[in-house]
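Close look at the chain arrangement
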Amino acid sequence: MPPSQLKRLKASLREQGLVGPQQSKKQRKQNAQNGASKEKRVQKKVALEGIREQFNPFEFTMTGRAPKFEVTTNKKKDNGVVRRPGVAKGLAEERLAKAYEQDMQRRKKVGGIVDKRFGENDPSMAPEEKMLERFTLEKQRHHKHSSAFDLEDEDFSGGLTHMGKSLSLDGPAIMDDFDEGDLKLSDIEDHPSDEERQVRKRRRSSESEGEDGGQEDEELPERKKSKQEVMKELISKSKFHKYERQAAKDEDEDLREELDKELSSIHALLRGIGPKPTAPPAAEIPGMNPARAALLDVAGKIRFDKEYDMRLRQLAQDKRSKPTERSKTEDEKIEEESRKLRELEAKRLRRMQGAPESSDEEDAATKDVDKDEEDEDFGLGSGLKARPTPTELGAEDEDEFLLDDDLIASGSDSEPSEDDSSDEGSNNESVEDPEGDADFLKDLLTEEEAKRPEFLTGANAPLQETPLPENNGINGNLAYTFKCPESHEELLEVTKGIAFLDLPIVVQRIRALYHPKLNSDNKGMLGRFALSLIDHIFYLANQPEQPPFSVLQTLIRHIHSLAKTYPVEIANSFRSHLEECSESRPLSPTPGDLVILTAIGSIFPTSDHFHQVVTPAILTMGRYLGLKVPQTLSDLATGAYICTLCLNYQMLSKRYVPELINFVENALCVLAPEELSALPGNFPYHQPKCSVRLQAAPKSSRHLSMTDCLPQDLSEAEEESLKAALLETNLSLLEAAANTWINKSAFTEAFEPGLKIMHHLGSKTCRSTLPSDTQKHLSKLIKKLTVLFHTARHTRRPLELHHHRPLAIKTSIPKFEESYNPEKHYDPDRERTEAAKLKKEYKREKKGAMRELRKDASVVARESLREKKERDAAYEKKYKRLVAEIQGEEGAEAKAYEREKEWRKKGRK
């Protein structure tokens, strides 16, 4: 049976010499004198600690175990490290208790200033010592990143060292290796050293200058400075320059302070206030106070009154600020425009009836207003008034109307002021402004395409210079108010007797009078009016007397503006027109159909993969180009117009339209002066019944127009001119198509037949018949297409397999793990392995967080219980003290009462 704990403890104490026979008094005295008792006390303490640790095995743990079998390849590990979980737990609890105490101290406290100054809370330090320590810390912080070789440092040690020894070569102990004696040359006299050469050079210079030639031996040149001397000189120069910069900075600061002192007087001079003259000293009256004598000075009082009156007059004459006119809202502006149009219409009707337009009072008021305006111009006149652009006035669209001169009859007494209109006789911007049309068409054509003839036909033809109405319409009697037509018949009735050039003005005034913000019913009326406009442009284009295309273009702009508010209604109207065209006349479109197609390309996005209006329009144009067999020149002109529209539609999306290429190549073959011997390519070739080949070069060249799309009787010269224009247009269309589809992989196959046709046109048999401009254009186009073919062949590469690394063949050989561990999971799925690792880490972190929370909760509970016990103990102590005091007082009173009672009893006896 093993010995008990008590026996083991006694044995350990005896082994350490802590328990044994007592020492005599003499021995204890000697040990105290020798100091042995102190050493013995320390040894005793260490021995007791060791015994205490030995008898408490739960306070120590080992981090790991030694390997069972020692292997030389295994790395040695520091096993057997002792850990003290009890001590660590105690330290952790103590740290948590301190944190809890700090938290309780900061609880219910917001903000605060922490004084981190050195020695502020140290009462043992004098103020001088605190200041010295703070200065030292500031210097250390300032020079924290300074270098040991800083030139600004005053305490420079000087010289480089290595392992405590100087690296300079000035000392006798260290010598340059090249200066050793065993490295001398045999013919050293013929090869002087560098130092000797420098000495001889200095001697020659001193001899040439003639300064004390006889004393050359005594006045030798100065020796070469060492590195330490050079460094000292650099340091001294740096400090000197630093001192000079500081001195210059101080001088600038002094000068700046002097200027600041004189700044107030400079401000007074700039404001026009001169220095106040010093008042002459008042005459001294003997026997009177000087202050009273100054008050009795009559001249000074008069001068003061004059200055006061002058300042009061200046304040009365100062122009006070007036409030500016309130900015009008959009609804108010629209309402004012509508009201002004109605007033102008009423005045126009009165003028037609011969009634007076204005009274004398109105003329007098007008004169007074003009006079006031002249006064406001300070006698300099109104100056040159530039007409503001619609963008400056905020009208960027047809929805925002501005009253121009075309809305007001010139020469009448009801002309608006300069704020409402510009100079008399200004032209109609909305109809014939080429800049406005250019802004509208800038998104349809690029700059390069706008210069080509194929884009200058039909809708994109240059606007003809038509005479613009100088007054209110061409006849000067155009009405200002119109009824809002809700159908095409009503629109024809409203516009009956109105010239074509006045139609945009009529539409603009109708939109201004029936703006949706003026009345809730106007929105539906304008929607139906937009549908009637679509029918009207179709109607105008089909008339024998066609209006200028600029008028149609302006009406399309109005439809485009209304399409933002009524997109569904306008889209359905266009679809109905396309449906009617495809059912009744799919291969014979009218000019109205061409205008409808042009409007669709201007209003709707043509780059969408599928659009409810644009896609049927493209199908309609492709149907004509693919199925129509051109028999007359009008058919070829219509096809050229539709090809132009197709290229405009595909400007952004660049989708290939094979019908366009086939039609253009067929047209070139049909119009060629000589027939081709062999048909190039596989495009469908249709020979018309009546020959349309170019027979002779025309005398003058022209461009295609909308009237060329209609069948008409032409003379022989006009036919030849039209054929040349068609040939030139188709060549330009082929060039534009090549520029559009240059990046297509089938570019070579698509345009190779066209290049062969152009080579045929450039041959001797055909070249003489072509106009000179067409010949030049044909030569340039052949060169351009040749270069494009060469580039396309180089950029196109044959199909090939993907370049990837070879895939390994699956095998059935099992995979062996050399260091297999059954406790470890070997999952072939990497994502599942990562997920498992993440879950395990999350679980470990969660357990650690819960453990920390439990520790915090236990510390909070323990500290709360301790605080409660302390409060209860303090309360109990205070209660007992108060009870004892009360009882003491009551006992003293009772004893006094007993004594009094006894005394009275004795007194009775």
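Above this text you will find the structure in question.
First, a word on scope: everything that follows refers to the structure included in this document. (Residues numbered from 1 in each chain as written. Predicted model: local features only at pLDDT ≥ 70, side-chain atom pairs only at ≥ 80, totals over all residues. Heavy atoms only, no water.)

1. Notes on the overall build of the protein chain
Helix and strand counts for the protein chain come out as 29 helices and four strands. Looking at the protein chain as a whole, 27% of its 909 residues are labelled buried. The long-range fraction of contacts in the protein chain, counting pairs at least 24 apart against all pairs at least 6 apart in sequence, stands at 70%. About 67,500 Å² of surface is accessible on the protein chain, with carbon and sulfur atoms providing 53% of the total. (Helix = DSSP H or I, 4+ residues; strand = E, 2+ residues; numbered from the N terminus. Buried < 20%, exposed > 50% of the residue type's maximum accessible area, 1.4 Å probe, protein only. Contact = heavy atoms within 4.5 Å. Areas by Shrake-Rupley, 256 points an atom, 1.4 Å probe, with all protein chains shown as cover.)

2. Regarding empty space enclosed by the protein
All told, the structure shown has two cavities of 30 Å³ or more when counted by the stated rule. Within this model, the largest cavity holds a volume of roughly 100 Å³. Around the largest cavity sit His577, Leu578, Cys581, Pro586, Pro589, Asp593, Ile596, Leu597, Thr620, Met621, Tyr624 and Ile642, which together line it. Breaking the lining of the largest cavity down by element, the ones donating at least two residues are α20 (567–584), α21 (591–603) and α22 (614–627). Here the lining of the largest cavity is built from residues that sort into nine nonpolar, two polar and one charged. (1 Å grid on protein atoms, 1.4 Å probe; cavity = no way out; pocket = protein on both sides within 12 Å on 5 of 7 lines; lining within 4 Å. Points joined across faces, edges and corners; volume = space filled by probe spheres on them. Nonpolar A, V, L, I, M, F, W, Y, C, P; charged D, E, K, R; others polar.)

3. Quick word on the pattern of salt bridges
Enumeration over the complete set of coordinates arrives at 21 salt bridges. Asp593 serves as the salt-bridge partner of Arg585, at 2.7 Å between the closest nitrogen and oxygen. Each of the two residues, Arg585 as well as Asp593, counts as buried. Two residues, Arg832 and Asp827, come together in a salt bridge whose shortest N-O distance is 2.6 Å. You can call Arg832 partly exposed: its relative accessible area is 47%. (Salt bridge = Lys/Arg side-chain N within 4 Å of Asp/Glu carboxyl O.)

4. Quick notes on a negative patch on the surface
Residues Asp250, Glu251, Asp252, Asp254, Glu257, Glu258, Asp260 and Glu262 make up a contiguous surface patch of negative charge. Tracing the chain through its elements places Glu258 in helix α7 (residues 227–261). In this structure Glu258 comes out as partly exposed when scored by relative accessible area, which is 48%. (Patch = residues over 30% accessible without salt bridge, like charges linked within 9 Å, V, L, I, M, F, W, Y side chains within 5 Å. Lys, Arg positive; Asp, Glu negative; His and termini not counted. Charge placed at Lys NZ, Arg CZ, Asp CG, Glu CD.)

5. Regarding the packing of aromatic side chains
This model, assessed by the stated rule, comprises five aromatic pairs. Arranged with centres 5.8 Å apart and planes meeting at 85°, the rings of Phe574 and Phe604 form a pair that is edge-to-face. Of this pair, Phe574 sits in helix α20 while Phe604 sits in the loop between α21 and α22, placing them 30 residues apart in sequence. When sorted by exposure, Phe574 lands in the same class as Phe604, which is buried. (Phe/Tyr/Trp six-rings, centres within 6.5 Å; stacked < 30°, edge-to-face > 60°.)

6. Here's the deal with unusual backbone geometry
For Lys654, which is not glycine, the phi dihedral falls at a positive 55°. Structurally, Lys654 is set in the loop between α23 (633–649) and α24 (658–671). Note on Lys654: relative accessible area 34%, which makes it partly exposed.

7. As for the nonpolar core
By size, the foremost hydrophobic cluster in this structure holds 110 residues, and its most contacted members are Phe574, Ile600, Leu660 and Phe751. At 11 residues, the largest contribution of residues to this core is made by α23. Filtering out sequence-adjacent residues up to four positions away, Phe751 remains in contact with Ile661, Leu734, Ala737, Ala738, Trp741 and Phe789. (Core = buried A, V, L, I, M, F, W, Y, C linked by side-chain atoms within 4.5 Å.)

8. Concerning the packing of α21 against α23
Where α21 meets α23, the closest approach of the two axes is 10 Å, and the angle between their N-to-C directions is 10°. One finds that α21 runs roughly parallel with respect to α23. Across from Leu594, Leu597, Thr598, Ile600 and Gly601 in α21, the residues of α23 making contact are Thr638, Tyr641, Ile642, Leu645 and Tyr649. Classifying every residue of the contact of α21 with α23 gives seven nonpolar, three polar and no charged. (Axes fitted to C-alpha atoms, helices over the stretch in contact; angles between N-to-C directions. Parallel < 35°, antiparallel > 145°, perpendicular 65-115°, else oblique.)

9. Quick look at α21
Helical geometry: 3.6 residues make up each α-helical turn, so side chains three or four residues apart lie on a common side. The end-to-end C-alpha separation of α21 is 18 Å, in line with the 18 Å expected for 13 residues at 1.5 Å each. For α21, the buried fraction is high: 13 of the 13 residues fall into the buried class. (Expected span 1.5 Å × (residues − 1).)

10. Notes on α23
Here α23 is 17 residues long and its end C-alpha atoms lie 24 Å apart, about the 24 Å a rise of 1.5 Å per residue gives. Across the 17 residues of α23, 17 count as buried, placing the element largely inside the fold.

Any link to function would need more than the numbers given here.
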